[in-house]
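Each chain is listed here by its residues.
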Amino acid sequence: MKTVSQTTELRQQISAWRKQGLKIAFVPTMGNLHAGHISLVAEAHKHADKIVASIFINPMQFAANEDIGNYPRTMDADKKKLIAANTDLLFTPTADIIYPKGLDKQSYVEVPNVSDGYCGESRPGHFRGVSTVVCKLFNLVQPDVACFGLKDYQQVQVIQTMVEDLSMPIEIIPVATMREQSGLAMSSRNNYLTAEEKVTAATLNKTMRWLAEQLKSNKDFSALMAQAKEKIDASGMKTDYIHISHARTLNPATADDNDIVILAAAHCGKARLIDNIQVKL
Ligand code: PAF
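Re the nonpolar core
As a rule of thumb, soluble globular proteins bury nonpolar side chains together.
And then number 1: Grouped together as the largest cluster of nonpolar side chains are 47 residues, with contacts concentrated most on Leu10, Val52 and Phe138.
And then number 2: Where this core is concerned, the elements lending two or more residues are helix H1 (7-19), strand S2 (24-29), strand S4 (89-91), helix H6 (126-141), strand S5 (145-149), helix H7 (153-165) and strand S8 (259-268).
And then number 3: Top element by residues in this core is H6. It accounts for 9 residues.
And then number 4: Ignoring anything within four residues of it in the chain, the contact list for Phe138 reads Phe26, Pro143, Ala146, Phe148, Ile159, Met162, Val163, Met168, Ile170 and Ile172.
And then number 5: In terms of nonpolar packing, the next biggest core, distinct from the first, is built from 26 residues, Ile242, Ala264, Ala271 and Val279 among them.

A word on the pairing of S5
And then number 1: The element S5 is largely enclosed, with a buried count of 4 among its 5 residues.
And then number 2: Here S2 runs beside S5; their pairing, made up of 2 bridges, is parallel. The residue bridging Ala25 from the neighbouring strand is Val145, located in S5.
And then number 3: Two elements, S5 and strand S6 (residues 171-175), share 5 bridges in a ladder whose sense is parallel. Bridged to Val145 within S6 is Glu171.
And then number 4: Crossover S5 to S6 through H7 is right-handed.

Side note on the side chain of Ser54
And then number 1: Relative to the assigned elements, Ser54 resides in strand S3 (residues 50-55).
And then number 2: For Ser54, a relative accessible area of 1% translates into the label buried.
And then number 3: If near-sequence neighbours (up to four positions away) are discounted, Ser54 is found in contact with Phe26, Val27, Pro28, Thr29, Leu90, Phe91 and Leu137.

A closer look at empty space enclosed by the protein
By rolling a water-sized probe across the atoms, one finds the places where empty space is left.
And then number 1: This structure, assessed with the given rule, holds 2 cavities of 30 Å³ or more.
And then number 2: Looking at the largest cavity, its volume works out to about 850 Å³.
And then number 3: Around the largest cavity sit 46 residues that line it, and His37, Gln61, Lys151, Asp152 and Gln155 are the ones nearest its centre.
And then number 4: Tallying contributions element by element places H6 first for the lining of the largest cavity, with 6 residues.
And then number 5: Within the lining of the largest cavity, the residues separate by chemical class into 23 nonpolar, 17 polar and 6 charged.
And then number 6: Of the volumes computed, that of the second largest cavity is approximately 70 Å³.
And then number 7: Looking at the lining of the second largest cavity, the elements with two or more residues in it are helix H8 (195-215) and strand S9 (271-280).
And then number 8: Top element by residues in the lining of the second largest cavity is S9. It accounts for 4 residues.
And then number 9: The class makeup of the residues in the lining of the second largest cavity is 6 nonpolar, 3 polar and 3 charged.

Cut-offs and rules
- Note on numbering: residues in each chain are counted from 1, in written sequence order.
- Where totals are concerned, whole chains, interfaces and linings use all residues; where local detail is concerned, this predicted model gives features only for residues with pLDDT of at least 70, and gives and counts side-chain atom pairs only at 80 or more.
- Hydrogens are left out, water is left out, and the side-chain values use all remaining heavy atoms of the structure.
- Side-chain atoms within 4.5 Å link the members of a nonpolar core, which is a set of buried Ala, Val, Leu, Ile, Met, Phe, Trp, Tyr and Cys residues.
- Under the scheme applied here, a residue whose accessible area is under 20% of the maximum for its type counts as buried, over 50% as exposed, and between as partly exposed, the area being computed with a 1.4 Å probe on protein chains only.
- Each helix corresponds to a stretch of at least 4 residues labelled H or I by DSSP, and each strand to a stretch of at least 2 residues labelled E; elements are numbered beginning at the N terminus.
- When checking whether two residues touch, look at their non-hydrogen atoms; a contact exists if any pair is within 4.5 Å.
- By the convention used here, strands pair only if DSSP detects at least 2 bridges between them.
- A crossover counts as right-handed when, viewed with the strands pointing away from the observer, the path leading from the first strand over the helix to the second turns clockwise.
- Buriedness of a pocket was judged along seven lines, with at least five required to meet protein on both sides within 12 Å; pockets are open sets of points on a 1 Å grid over the protein atoms alone, cavities are sets where a 1.4 Å probe fits but cannot get out, and lining residues have an atom within 4 Å of a point.
- Grid points are joined across faces, edges and corners, and a volume is the space filled by probe spheres set on the points.
- Asp, Glu, Lys and Arg are counted as charged, while Ala, Val, Leu, Ile, Met, Phe, Trp, Tyr, Cys and Pro are counted as nonpolar; the rest, among them Gly, fall into the polar class.

Here you go:
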């Protein structure tokens, strides 16, 4: 695996592959890689000849109250995992390379509506940061396809909408969430959990599965959401939100919708965990 941090080196390698007619897949990450990220690389191999990954802890997507300094940095271990997964090229830019004028003077991409609620409400500015950096990385890597984990369901909808709205010639491939045996979605944030909190954290997915089951026979969404919140809070976590939404628009679901997603976020110890379940009714 070749590692580059400069955009010129990146562009040279991409253009050499393009001249050979090779198809390129992209897996953007913020590092601290786990099995979920590696499953994105495995999926990318099914769609392209060359796999480019990036590791960039994007300052623009951290809300004002979130500490980017605490984000786990595990570059050496990450590289080993990417090599084992047969990644061809790793791009590791610094913030100066991505935002040379500084964050204040940087142009940005904002995707309306799908960015607004849920994590967009709890983390102001987060999705503007995500869509801006992903747009910039897409322009640098110019991939044919890009893989994103469905654990970040709202993020996938934001990126899919950006690609459609701005006519970017890139296929977005959503990849199923990898889970611990307990059902807990794999996430870099699970590193913040103690062994005891990991047990508690499994209640989030357990409650969402309960809710998904209820939806088959009960359309009283408000009552179901309130009951689910009570279950999560009773476990010792603090619910940020739990919503029954339309799977594509993310608007609150109506009784006529049959393509549904349950979206939830909850605080467990120092970690803010998110999860989702898609339900076809
Ligand atoms: O999902 C992530 O790790 C990040 O939000 C992404 C897509 C790499 C953008 O910084």
